Amino acid sequence: MTDRIPTRQPAPAQEPGSRSPGLLPSRVGIEHADRARELLAEHGAVVLTGSRATADALVMAAALMLGGRLRELFPHRLRTSGDSSGPVHLHADSFDLQVDTGGVRHRRRDPDEDYVLVQCLRSAPAGGDSFAVDAYRFVDGLQAADPSLWEFLTGADVDLYGAWAGLRGLPSTPRVGRHVEYTRTGRRIVRRTDGAAPLHRDPDTDHVRAMLNRFEDAVHALESALPRFRLDEGDILVLDNYRCWHGRDAHEGDRSVRILTLRSADAR
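Now for a description of the structure that goes with this document.

Criteria and cut-off values
Residues numbered from 1 in each chain as written. Predicted model: local features only at pLDDT ≥ 70, side-chain atom pairs only at ≥ 80, totals over all residues. Heavy atoms only, no water. Salt bridge = Lys/Arg side-chain N within 4 Å of Asp/Glu carboxyl O. Helix = DSSP H or I, 4+ residues; strand = E, 2+ residues; numbered from the N terminus. Buried < 20%, exposed > 50% of the residue type's maximum accessible area, 1.4 Å probe, protein only. Pairing = 2+ DSSP bridges. Contact = heavy atoms within 4.5 Å. Axes fitted to C-alpha atoms, helices over the stretch in contact; angles between N-to-C directions. Polar contact = N/O pair within 3.5 Å; in protein donor to acceptor, adjacent residues only side chain to side chain. Parallel < 35°, antiparallel > 145°, perpendicular 65-115°, else oblique. Left-handed = near helix turned anticlockwise from the far one by under 90°. Nonpolar A, V, L, I, M, F, W, Y, C, P; charged D, E, K, R; others polar. Phe/Tyr/Trp six-rings, centres within 6.5 Å; stacked < 30°, edge-to-face > 60°. Lys NZ or Arg CZ within 6 Å of the ring centre and 35° of its normal.

Here we look at the pattern of salt bridges
Here the structure, examined in full by the defined rule, presents 24 salt bridges. Its salt-bridge partner being Arg 178, residue Asp 157 comes within 3.0 Å of it at the nearest N-O pair. Pair noted here: Asp 157 is in the loop between helix H4 (147-155) and strand S12 (158-159) and Arg 178 is in the loop between strand S13 (176-177) and strand S14 (180-182), with a separation of 21 residues, a long-range link. The exposure class of Asp 157 is partly exposed, given its relative accessible area of 31%. On the accessibility criterion, Arg 178 (9% relative accessible area) is buried. Within the structure, one salt-bridge network assembled from shared partners comprises Glu 72, Asp 96, Arg 107, Asp 110 and Arg 263.

Remarks on the sheet that holds strand S1 (residues 22-23)
On the basis of which strands lie adjacent, the open sheet formed by four strands has the order S1-S11-S17-S6 and antiparallel pairing. Each edge of the sheet is formed by a strand with only one pairing partner; in this case those strands are S1 and strand S6 (88-91). One ladder, built from two bridges, connects S1 with strand S11 (residues 130-134); its direction is antiparallel. Counted as the bridge partner of Leu 23 is Ala 132 from S11. Lying over the sheet, helix H3 (residues 135-145) contacts S1, S11 and strand S17 (244-248), oriented at roughly 50 degrees with respect to S11. Sheet strands touched by helix H5 (residues 205-223): S6, S11 and S17. Its angle to S6, the strand with the most contacts, is close to 110 degrees.

What about the side chain of His 246?
Topologically, His 246 is positioned in strand S17. Owing to a relative accessible area of 9%, His 246 belongs among the buried residues under this scheme. A distance of 3.3 Å separates polar atoms of two side chains, one belonging to His 246 and the other to Asp 93. His 246 has contacts with His 89, Leu 90, His 91, Asp 93, Val 116, Val 118, Phe 131, Ala 132 and Leu 239, leaving out every residue within four places of it along the chain.

Brief notes about the packing of H4 against H5
One can describe the packing of H4 onto H5 by two numbers: an axis separation of 10 Å at closest approach and a directional angle of 110 degrees. The orientation of H4 with respect to H5, classified from their angle, is roughly perpendicular. Crossing handedness for the pair H4 and H5: left-handed. Here H4 contributes Ser 148, Leu 149, Phe 152 and Leu 153 to the contact with H5, which in turn contributes Val 208, Met 211, Leu 212, Arg 214, Phe 215 and Ala 218. In terms of residue class, the contact of H4 with H5 is built from eight nonpolar, one polar and one charged.

Some details on the environment of Ala 41
On the secondary structure map, Ala 41 appears in helix H1 (residues 33-43). The exposure class assigned to Ala 41 is exposed, which follows from its relative accessible area of 63%. A sequence separation of 218 residues divides Ala 41 from Ile 259, and the C-alpha atoms of the two residues are 20 Å apart.

Here's the deal with the pairing of strand S16 (residues 236-240)
Most of S16 sits out of view: five of its five residues are buried. Going residue by residue along S16, you find Ile 236, Val 238 and Asp 240 tucked away on one face and Leu 237 and Leu 239 tucked away on the opposite face as well. For strand S3 (residues 45-49) and S16, the ladder comprises four bridges, and the chain directions are antiparallel. If you follow Leu 48 over to S16, its bridge partner there is Ile 236. Two strands pair when backbone bridges link them, and strand S9 (residues 115-122) and S16 are joined in this way by five bridges, in the antiparallel orientation.

What about the packing of aromatic side chains?
With the rule as written, the count across this model stands at five aromatic pairs. Ring plane angle 65 degrees and centroid distance 5.9 Å describe the contact between Phe 215 and Trp 245, whose orientation is recorded as edge-to-face. Of the two residues, Phe 215 sits in helix H5 while Trp 245 sits in strand S17, which places them 30 residues apart along the sequence. Both residues of the pair, Phe 215 and Trp 245, count as buried. Through a chain of ring-to-ring contacts, three or more aromatic side chains come together here, namely Phe 95, Tyr 161 and Trp 164. The aromatic ring of Tyr 136 is capped on one face by Arg 188, whose charged end is 4.4 Å from the ring centroid. Residue placement shows Arg 192 over the ring face of Phe 215; its charged tip is 5.6 Å from the ring centre.

Here's what the structure looks like:
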């Protein structure tokens, strides 16, 4: 058995000067769910407008966007950042968290959450704009721009959450995977997490650490030139979490969002 047998070939590498992986999601009213689904499938991101800033509205948006493909919702996460908050760098939502509630195991996060919805509850008075990239385009471009990094991302196993091993609730068994993988149906996953670490006693530990740092530097270097977009109260950013990374700028004043991750029928 070979190390990696993708069921769908990656897109051709980008040539120098090809278009940026930056995304500027279209804004679509919640009443036009069919159009929003089309844009999500085409670009990997869309902003839904016209909803109230409630938890129920976020769940309803997930149902509208995924319909019968919706399989599992994870608990809402409220994120409030205060005055002079620093930036949140590009990332894909991903975690592996289980808890024991009254003797029953419950999964609160999953490594293969394939969609994420970010609902704005309060926008910052200054700064805090969002940005996003099509990670498929970014990784494809590396075949020409940085073949060594492309080879690492597509061919090297890492412990996806090893850097967070001390967190309570995180499984003690390492979650081994690659940054770029495929589901059994051929859907591509491009991961971006600060939790990745070399495998225990990996003889290539020094190389893996160096490549993880190189990957981080390459991603951070994208951010300043990306188009910005602002989420207003009630707006919901919907992302294909296998395909897109997102982040936000530093801001002044308070900013609050509610985050919902989920698994669809197409998840790994």
